[in-house]
Amino acid sequence: MRRSTRIISSVLAMEKLGVVSARKSLKRKLEEEFGDDGRLDAMPQPDAPGDLVGEVSAQVSVLNSAISSSEADRSAAKRAVHVLTELAKNDDIVNVVVDCQVVPALVRHLQSPEPLVEGDSSPIPFEHEIEKGCALAIGLLAVRPEHQQLIVDAGALPHLVQLLKRHRAGYKTRAVNGVVRRAADAITNLAHENSNIKTLVRIEGGIPPLVELLKFIDTKVQRAAAGALRTLAFKNDGNKNQIVECNALPMLVLMLRSEDTGVHYEAVGVIGNLVHSSPDIKKDVLHAGALQPVIELLRSSCTESQREAALLLGQFAAADSDCKAHIVQRGAVQPLINMLQAPDMQIREMSAFALGRLAQDTHNQAGIAHNGSMVPLLKLLDSRNGSLQHNSAFALYGLADNEDNVADFIRIGGVQKLQEGVFKAQPTKDCVAKTLKRLEEKIHGRVLNHLLYLMRVAEKSVQRRIVLALAHLCSPEHQKIIFLDAHGINHYDNSFGLELLLELLESTSLKHQQDASLGLYKLAQKATSVCAMDAAPPSPTPQVYLGEQYVNNSTLSDVTFLVEGKRFYAHRICLLASSDAFRAMFDGGYREKDAQDVEIPNIRWEVFELMMRYVYTGSVDVDLDIAQDLLRAADQYLLEGLKRLCEYTIARDISVENVSLMYELSEAFTAKTLKHSCILYILEHFEKLTIKPCVLPSDPMYITRNPEFLHRSPYQAGGTNPDFVDMKRAGAGHKHKWFSLSF
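Residues numbered from 1 in each chain as written. Predicted model: local features only at pLDDT ≥ 70, side-chain atom pairs only at ≥ 80, totals over all residues. Heavy atoms only, no water.

(A) Structural context of the overall build of the chain. Of the regular secondary structure elements, the chain holds 41 helices and 3 strands. Across the 743 residues of the chain, 54% fall into the buried class. By sequence separation, contacts in the chain at least 24 residues apart represent 73% of the contacts at least 6 residues apart. Accessible area of the chain: about 31900 Å², with a carbon and sulfur share of 50%. (Helix = DSSP H or I, 4+ residues; strand = E, 2+ residues; numbered from the N terminus. Buried < 20%, exposed > 50% of the residue type's maximum accessible area, 1.4 Å probe, protein only. Contact = heavy atoms within 4.5 Å. Areas by Shrake-Rupley, 256 points an atom, 1.4 Å probe, with all protein chains shown as cover.)

Listed below in structure tokens is the structure:
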């Protein structure tokens, strides 16, 4: 997994979340601020569409005509702005409002009119209030992306930037603070998810005054300026660089320590967008002293600040290994772990992301795990949120890299959680597979010794988790000493592991039975030979193959078989060398010894012919439609090699519907490899069989009496192989019944 993929997935998840939530929150914030500062009561909204258009048009007409600085015009304009602002709050009618040409009228009133008398320095009526209301209304309209460019084309940006500077004229009133704040909020909404407008704000000179406003005493102004810078910095390198060049970082770092939650939330958001995909700015931010205050925000009462801080720490942790170590040393791990259990899903997601980044440093892995992160991370794998799942899986992947974590990972059921999880995205599935592979590679030496010790002394539930994990993850070379050796590692009787699997297999819990079946299947699968089939037992006499040309050939034939009324010509020397059955027939005391014609009453012609072809050539292609009859004949005439070929063909046809019949067939003709295949199939498809109405054959612990299957499998049927387990039980005198299920 590439670093860029992981960071982008997490950041884009946050961005997607911000698309909706940012619009709603900005709209809500604008409305709340208007409620705080408004002087007029809320206006009743028209019901009929015609009434609405008429009302909006009337107010637009007022704005277009009331352009002087007279008290009458200013009062009328103020009233009109208020009405239009109220209408702009309603999402259902906002498009109608815009269609009535309200934007140009509002933009015109973003600047104060000239005094009635040239040179008159007396205050203009309702100075700042109308501009403030217009900025608020424009900010509400800009929540809709389709309105943003329309507002910019109407010339709003230069006026909004000028409003950001209004405090420079020496005004220190509440109204000035309000107009500056609303201008910043309007810029935020206009630039939201619009890269062209973000760049236009910079071109119009909007960034320097916004940076200057970060030092404003009024915290509402601070928040608004930081919110605008946050939006402008996202995915716009030109804006990022100018914000840094304007020396915003020192003030942003100070704002991280503000007691006002809104201030530090916006500040951490600005810094997060500045460092995203910008390694040089990331270094500047760290050099400015942002690390410790960001870590402290993990304990903030503001959940948004917690989330942003965790995301930012994850971004910091990508810089270099030293930064990862510093983050851990400064106390970030425990609050991040606590955040894994927060009610807010986004906090859980971002804390998992940060821990995943930190866990890529080998020096951090043991500390993160032993502070209690693994259990909550494993629980988060059950989330339906794909990003949260992936971040948790990635963190666990990092923790699994440390040998000191492996035994605990297995002890708490981590392997089963990874195996049984339902993961939404393919990258998450790949990450889980790599984690299991990483664990598998760690199970040797002291890790294996620790697991074997726990498997004997821990409580039963832990023992079961460990034995199931080892069944899946142990290497083939360790398999025998873990599960079969009576005097294995450290003189432990390691067949105890096999005892645990068998106990689970006989449990009344269907889940335990399924787990044990799959574990036994994995053990057998690892033991499976790469050979395609069993080698037949060597013949006591040298094998003689006359060749294809002598099959049913009368040349030098000295015996004839009568099959279904037809003659089949054969040669005694070839038959004598092929099996004990033919040797007894032609070299013993049976009447066939001197007979010229031997009747074969119970075998079809095509079956007999194929059997004889094998006798003459040593090989034959066995089709499924004839395999069972040929198996019966091969068993009757003790042709072990031919039996193996038949078993191989039959085993490829085992299914949920016929496995019981196939098992009975293997019993009837002592077909051990077919029996192995049936048992392996049962274990592999245990869950399907539990809901299938069929009955398993008896022979309870067939596995237990055939331990050789676990360390040398005779053949692989269609990529799998069959049979299972025992060891000491038969010798210990224990009696076991085959798990009785309603298959």
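Once the structure has been displayed, the description carries forward.
(B) How the structure looks around the environment of histidine 147. When you line up the elements, histidine 147 lands in helix H7 (residues 145–153). Look at histidine 147 and you get buried, because its relative accessible area is 6%. The sequence separation of histidine 147 and valine 94 amounts to 53 residues, and the corresponding C-alpha distance is 9.9 Å. Contact partners of histidine 147, with chain neighbours within four places excluded, come to Val94, Asn95, Val98 and Leu141.

(C) Focus on the packing of aromatic side chains. If you walk through the whole model with that rule in mind, you get 8 aromatic pairs. Here phenylalanine 582 and tyrosine 637 contribute two aromatic rings whose centre-to-centre distance is 5.1 Å and whose plane-to-plane angle is 15 degrees, an arrangement assigned as stacked. Taken together, the residues phenylalanine 582 in helix H33 (residues 580–587) and tyrosine 637 in the loop between helix H35 (624–636) and helix H36 (640–651) connect sequence positions 55 residues apart. For phenylalanine 582, a relative accessible area of 0% translates into the label buried. An aromatic cluster is defined as three or more aromatic residues linked by ring pairs; in this entry it consists of Phe561, Phe568, Phe582, Phe586, Trp605, Phe608 and Tyr637. Its guanidinium or amino end placed over the ring of tyrosine 397, arginine 438 lies 3.8 Å from that ring's centre, counting from NZ or CZ. (Phe/Tyr/Trp six-rings, centres within 6.5 Å; stacked < 30°, edge-to-face > 60°. Lys NZ or Arg CZ within 6 Å of the ring centre and 35° of its normal.)

(D) Main features of the pattern of salt bridges. This model, assessed by the stated rule, comprises 31 salt bridges. Among the salt bridges present, the one from aspartate 404 reaches arginine 446, with a minimum N-O distance of 3.0 Å. Taken as a pair, aspartate 404 in helix H24 (residues 403–411) and arginine 446 in helix H27 (residues 445–457) lie far apart in primary sequence, 42 residues in all. Residues glutamate 420 and lysine 511 are paired through a salt bridge, measuring 2.8 Å at the closest nitrogen-oxygen approach. Separated by 91 residues along the polypeptide, glutamate 420 in helix H25 (residues 414–420) and lysine 511 in helix H31 (residues 510–527) bring together distant segments of the chain. In this structure, a network of salt bridges that share partners links the residues Arg230, Glu266, Arg307 and Glu308. (Salt bridge = Lys/Arg side-chain N within 4 Å of Asp/Glu carboxyl O.)

(E) Spotlight on the sheet that holds strand E1 (residues 559–563). If you trace the 3 strands from one edge of the open sheet to the other, you get E2-E1-E3, paired in mixed fashion. A strand with exactly one partner marks an edge of an open sheet, and here the two such strands are strand E2 (566–570) and strand E3 (597–600). Going across the sheet, the axis of each strand differs from the next one's by a mean of 30 degrees, ignoring polarity. Here E1 runs beside E2; their pairing, made up of 5 bridges, is antiparallel. By the bridge assignment, valine 559 is partnered in E2 with alanine 570. (Pairing = 2+ DSSP bridges. Axes fitted to C-alpha atoms, helices over the stretch in contact; angles between N-to-C directions.)

(F) Quick look at the packing of H36 against helix H38 (residues 672–684). Across the interface, H36 lies against H38 with an axial gap of 8 Å and an inter-helix angle of 20 degrees. With respect to H38, the element H36 is oriented roughly parallel. Crossing hand, H36 versus H38: right-handed. In this structure, H36 uses Arg644, Glu647, Ile650 and Ala651 to contact H38, whose residues at the interface are Lys672, Thr673, Leu674 and Ser677. Broken down by class, the residue content of the contact of H36 with H38 amounts to 3 nonpolar, 2 polar and 3 charged. (Parallel < 35°, antiparallel > 145°, perpendicular 65-115°, else oblique. Left-handed = near helix turned anticlockwise from the far one by under 90°. Nonpolar A, V, L, I, M, F, W, Y, C, P; charged D, E, K, R; others polar.)

(G) A look at the pairing of E3. Only one face of E3 is buried: it carries Val598 and Ile600, and the other face, with Asp597 and Glu599, is open. Pairing analysis gives 4 bridges linking E1 to E3, with the strands arranged parallel. Counted as the bridge partner of threonine 560 is aspartate 597 from E3.

(H) Up close: the pairing of E1. Counting buried positions along E1 yields 4 of 5 residues, so the element is predominantly enclosed. Count of turn residues in the E1/E2 antiparallel hairpin: 2 residues, of which glutamate 564 carries a positive phi of about 55 degrees.

(I) Main features of the side chain of serine 69. Residue placement: serine 69 occurs in the loop between helix H2 (49–65) and helix H3 (71–88). Looking at serine 69, its side chain comes within polar contact range of the main-chain oxygen of glutamate 114, at 3.0 Å. With residues up to four places along the chain from it excluded, the contact list for serine 69 reads Arg74, Pro113, Glu114, Pro115, Leu116, Ile124 and Pro125. (Polar contact = N/O pair within 3.5 Å; in protein donor to acceptor, adjacent residues only side chain to side chain.)

(J) Here's a closer look at helix H13 (residues 237–245). What H13 keeps buried is the set Asn239, Lys240 and Ile243. Take H13 and look down its axis: the buried residues cluster within an arc of 105 degrees, on one side only. If you follow the buried residues of H13, they end up packed against helix H10 (195–203), helix H11 (207–213), helix H12 (219–233), helix H15 (261–275) and helix H16 (279–287). Two residues or fewer after H13 comes asparagine 247, characterised by a positive phi angle close to 65 degrees. (Arc of directions from axis to C-beta.)

(K) Fine view of unusual backbone geometry. Even without glycine at this site, glutamate 193 takes up a positive phi of about 60 degrees. Among the residues examined, glutamate 193 registers a relative accessible area of 42% and is labelled partly exposed.

(L) Structural detail: the environment of valine 620. As for its position among the elements, valine 620 is in the loop between helix H34 (605–617) and H35. Here valine 620 falls in the buried class, since its relative accessible area comes to 13%. Along the backbone, valine 620 and cysteine 646 are 26 residues apart, and their C-alpha atoms lie at a distance of 9.9 Å. Not counting the four nearest positions on each side in its chain, valine 620 is found in contact with Leu610, Arg613, Tyr614, Leu642 and Leu645.

(M) Layout of helix H23 (residues 386–399). With 14 residues, H23 ought to run about 20 Å at 1.5 Å a step, and its terminal C-alpha atoms sit 20 Å apart, in line with that. The element H23 is largely enclosed, with a buried count of 12 among its 14 residues. Leu388, Gln389, His390, Asn391, Ser392, Ala393, Phe394, Ala395, Leu396, Tyr397, Gly398 and Leu399 are the residues of H23 that are buried. (Expected span 1.5 Å × (residues − 1).)

(N) Structural context of the confidence of the model for the chain. Here the chain shows a mean pLDDT of 84. Residues at 70 or above account for 80%. Within the model, pLDDT remains below 50 along residues 1–24, and this stretch shows 48 contacts once partners closer than five positions in the same chain are excluded. Per-residue pLDDT stays below 50 along residues 707–743; that stretch engages in 145 contacts with residues further than four places along the chain or on separate chains. (pLDDT = per-residue confidence, 0-100.)

(O) The packing of helix H14 (residues 249–256) against H15, seen in detail. Following both chains from N to C, one finds H14 and H15 inclined at 135 degrees, their axes separated by 8 Å at the closest point. For the element pair H14 / H15, the angle class is oblique. Once H14 is placed against H15, the crossing between them reads as left-handed. Seen from H14, the contacting residues are Leu249, Leu252, Met255 and Leu256; seen from H15, they are Val263, His264, Ala267, Val268, Val270, Ile271 and Leu274. Of the residues belonging to the contact of H14 with H15, the class tally is 10 nonpolar, 1 polar and no charged.

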